[in-house]
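Each chain is listed here by its residues.
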Amino acid sequence: MTKFRKLNRPTGHRMSMLRTMVSQLVKHERIETTVAKAKEIRRLADNMVQLGKEGSLAAARRAGAFVRGDDVIHKLFTELAHRYKDRAGGYTRMLRTRIRVGDAAPMAYIEFIDRENELRQSKPPTPQPPPRPALDPWTRSRLCRQFAPPKEEKSSESEI
């Protein structure tokens, strides 16, 4: 199993909390939590969307073993899988919001991108620059010789 932040909780409590929070994120598409928890939820939620995009029975069973609720699994494999079919990762966004009053913990919204009522619009994908043609190494050396200053020949006879 991968390394998680401990979040000051025993393993059973931590995994149960993360499973519940990922399920609530899928259900509501935006939740507010602390920054450390949001960073962990982001990893797990992206993995669940990947399983939804895969769409196989094995993926459905793996997702069902993690998230809570049949409605959440249905939403993963229908709505979210269709929404992110052309996107290759980065399905969630974390926006830092405030400092919590009671314990001064930094809070953040975590939400799915490309949806209605977003807090911030998604940036359009950056177009890839056209690939540069590969240079032949011999062509490069000829170009260097073309612009190099001419060599001066040294004569062995010295004028006295």
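Residues numbered from 1 in each chain as written. Predicted model: local features only at pLDDT ≥ 70, side-chain atom pairs only at ≥ 80, totals over all residues. Heavy atoms only, no water.

Participant: Can you help me understand the packing of helix H2 (residues 35–54) against helix H3 (residues 57–66) in this one?
Facilitator: Any two packed helices are characterised by the angle at which their axes cross and by the distance between the axes. It is at 8 Å that the axes of H2 and H3 come closest, and there the two elements cross at 150 degrees. The angle between the axes of H2 and H3 places the two elements in the roughly antiparallel class. Crossing hand, H2 versus H3: left-handed. The residues of H3 that touch H2, namely those facing Leu44, Met48, Leu51 and Glu54, are Ala59, Arg62, Ala63 and Phe66. Classifying every residue of the contact of H2 with H3 by side-chain character gives six nonpolar, no polar and two charged. (Axes fitted to C-alpha atoms, helices over the stretch in contact; angles between N-to-C directions. Helix = DSSP H or I, 4+ residues; strand = E, 2+ residues; numbered from the N terminus. Parallel < 35°, antiparallel > 145°, perpendicular 65-115°, else oblique. Left-handed = near helix turned anticlockwise from the far one by under 90°. Contact = heavy atoms within 4.5 Å. Nonpolar A, V, L, I, M, F, W, Y, C, P; charged D, E, K, R; others polar.)

Participant: Please clarify how the pattern of salt bridges should be interpreted in this entry.
Facilitator: Between side chains of opposite charge, pairing is possible as soon as their charged atoms come close. Tallied over the entire structure, the rule returns 10 salt bridges. Beyond isolated ion pairs, a larger network of salt bridges with shared partners links Glu29, Lys75, Glu79 and Arg83. (Salt bridge = Lys/Arg side-chain N within 4 Å of Asp/Glu carboxyl O.)

Participant: What should I look at first to understand helix H4 (residues 70–83) in this one?
Facilitator: Residues separated by three or four positions in an α-helix point in the same direction, a consequence of the helix having 3.6 residues per turn. The end-to-end C-alpha distance of H4, which contains 14 residues, comes to 19 Å, matching closely the 20 Å that a straight helix rising 1.5 Å per residue would cover. Leucine 76 marks the point of greatest bend in H4, at about 35 degrees. Inspection of H4 places Val72, Ile73, Lys75, Leu76, Phe77, Leu80 and Ala81 among the buried residues, and these make up the whole buried set. Buried positions along H4 lie against helix H1 (11–28), H2, H3 and strand E3 (106–112). (Expected span 1.5 Å × (residues − 1). Bend = angle between axes of the 7 residues up to and from the residue. Buried < 20%, exposed > 50% of the residue type's maximum accessible area, 1.4 Å probe, protein only.)

Participant: Please explain the side chain of lysine 37 as it appears in this structure.
Facilitator: By secondary structure assignment, the location of lysine 37 is in helix H2. One buried charged residue, lysine 37, forms no salt bridge at all, with the nearest opposite charge on aspartate 103 at 8.2 Å. For lysine 37, the contacting residues outside a window of four places in its chain are Leu7, Arg9, Met17 and Met21. (Lys, Arg positive; Asp, Glu negative; His and termini not counted.)

Participant: Where do I start with the nonpolar core in this structure?
Facilitator: Soluble, globular proteins show a tendency: their nonpolar side chains are buried together. In terms of nonpolar packing, the biggest core is built from 34 residues, with Ile41, Met48, Val67, Leu76 and Phe112 touching the most fellow members. Elements represented by at least two residues in this core include exactly H1, H2, H3, H4 and E3. Excluding residues that lie within four positions of it along the chain, methionine 48 makes contacts with Val22, Ala63, Phe66, Val67 and Leu76. (Core = buried A, V, L, I, M, F, W, Y, C linked by side-chain atoms within 4.5 Å.)

Participant: Explanation requested: the packing of H1 against H2 in the structure shown.
Facilitator: At a minimum axis distance of 9 Å, the contact between H1 and H2 shows a crossing angle of 65 degrees. The angle between the axes of H1 and H2 places the two elements in the roughly perpendicular class. Handedness of the H1/H2 crossing: right-handed. Taken together, the residues of H2 that come into contact with H1 (itself represented by Met17, Leu18, Met21, Val22 and Leu25) are Lys37, Glu40, Ile41, Leu44, Ala45 and Met48. Residues of the contact of H1 with H2, tallied by class, amount to nine nonpolar, no polar and two charged.

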